Structures are given as structure tokens and as C-alpha cells.
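One-letter residues, chain by chain:
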Amino acid sequence: MKIILKQILVRDLTNGYEDRDEEGTYGYAGKLDIRPPYQRNFIYLDKQRNAVIDTVSKGFPLNVMYWADRENGNFEVIDGQQRIISICKYVNGDYSVNDLAFPNLTNDKQEQILDYPLTVYFCTGTDSEKLEWFKTINIAGEKLEPQELRNAVYSERPGLGSFL
């Protein structure tokens, strides 16, 4: 598998953010499938979601994320979905942290968040390699249930495909 490290700004990630419910969740100018079919739904509690925003707004490092290259020039999230959705929903104004919603922040605070660099590994490889990588990076954190691993192998959204 080929893995390339890049930094993606929050402003680029959140550009074109759209949650289409069962049809998927997208960002990065529509090029990133944030919630491919094999991924679980958003499960972060408010405390976890707010901690992501607190980390970003303080400029502290956030854990790395992994995106898989699709053959059509688009990407899908292998790891980092919960953090990405937390960030996108906050910038979209869907919730507040410490009684401050993103649209109510001063311009300099908004720019600080939008200019925050996310560390993303872009992964290209065979379906088998990507499945192994998905299993490996999901060993820690919120435990994947056996059915969620099976979903990673057998899921595909009509017309979009899936890396596994």
C-alpha cells in the first residue's frame, strides 16, 4: 500500500460539507465521502465532540486521519470520521461549545479554526490492503463490532463504490 502524508486545512475540509442522511456525508468540495457505508453513524457524545473543537481552537495536535484514494479522484474516510463530522458540524453552526457557536466567534477566532492544519494520510492500494489497514487502525478507540467489520467488506453505495 502507498501512503502519503498531507496537511489539509479545516477550511478545505469543511468546504461543501453536506449531510445527506442515508445518501452519505460529504466534504472537501464534495470529493470526500466522510461516512462511507461501512462506517458507523456518528457516535461521539457531546463531551468527545466538544473536546475535538477545544483541541482545534487551542491549536493542539489532533490525531492523524486516514483517507483512501478512490480511482475517480475522490476520497473516503478510513479513520477520523467522528473528528471530521465534529469539526464540520461545528463550522456549519450546528452546535456550540462553551455557549459559543462558530458563527458567533470573532473573525480572528474563526480564521484560526479554519486555518488549522489536519494531518491526513492518503492511502492507495488493493482492497485487501485497505481492509487490513482499516482493521489495524481501528484496534484502539471505539471498538468495532464484528458486524461493523463485515460491513467494511460487503458495503457499497450505489454508483459510488467502496474501497473494500
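Quick caveat, the model's predicted, so the values are computed rather than measured. (Residues numbered from 1 in each chain as written. Predicted model: local features only at pLDDT ≥ 70, side-chain atom pairs only at ≥ 80, totals over all residues. Heavy atoms only, no water.)

Engineer: Can you lay out the overall build of the protein for me, pointing to particular residues and giving the numbers?
Structural biologist: Across its full length, the protein carries six helices and nine strands. Relative to its full complement of 164 residues, the protein shows a buried share of 44%. Counting every atom, the protein has about 8,900 Å² of accessible surface; 48% of that belongs to carbon and sulfur. (Helix = DSSP H or I, 4+ residues; strand = E, 2+ residues; numbered from the N terminus. Buried < 20%, exposed > 50% of the residue type's maximum accessible area, 1.4 Å probe, protein only. Areas by Shrake-Rupley, 256 points an atom, 1.4 Å probe, with all protein chains shown as cover.)

Engineer: Break down the layout of surface pockets for me, citing the residues and quoting the values.
Structural biologist: The space that makes up the second largest pocket amounts to roughly 220 Å³. At the level of secondary structure, the elements contributing two or more residues to the lining of the second largest pocket comprise helix 2 (46-57) and helix 4 (107-114). Its residues assigned to classes, the lining of the second largest pocket shows six nonpolar, three polar and two charged. (1 Å grid on protein atoms, 1.4 Å probe; cavity = no way out; pocket = protein on both sides within 12 Å on 5 of 7 lines; lining within 4 Å. Points joined across faces, edges and corners; volume = space filled by probe spheres on them. Nonpolar A, V, L, I, M, F, W, Y, C, P; charged D, E, K, R; others polar.)

Engineer: If you had to explain the pattern of salt bridges to someone new, which residues and values would you point to?
Structural biologist: Per the stated rule, a full pass over the model turns up nine salt bridges. Salt bridges here are not isolated pairs; linked through shared partners, they connect R11, E111 and D115. (Salt bridge = Lys/Arg side-chain N within 4 Å of Asp/Glu carboxyl O.)

Engineer: Before we move on, can you summarise helix 4 with the specific residues and values?
Structural biologist: Quick reminder: α-helices carry 3.6 residues per turn. Residues three or four places apart thus point the same way. Regarding helix 4, the residues found buried are Q110, I113 and L114. The arc that holds every buried residue of helix 4, seen down its axis, measures 100 degrees, which confines them to one face. (Arc of directions from axis to C-beta.)

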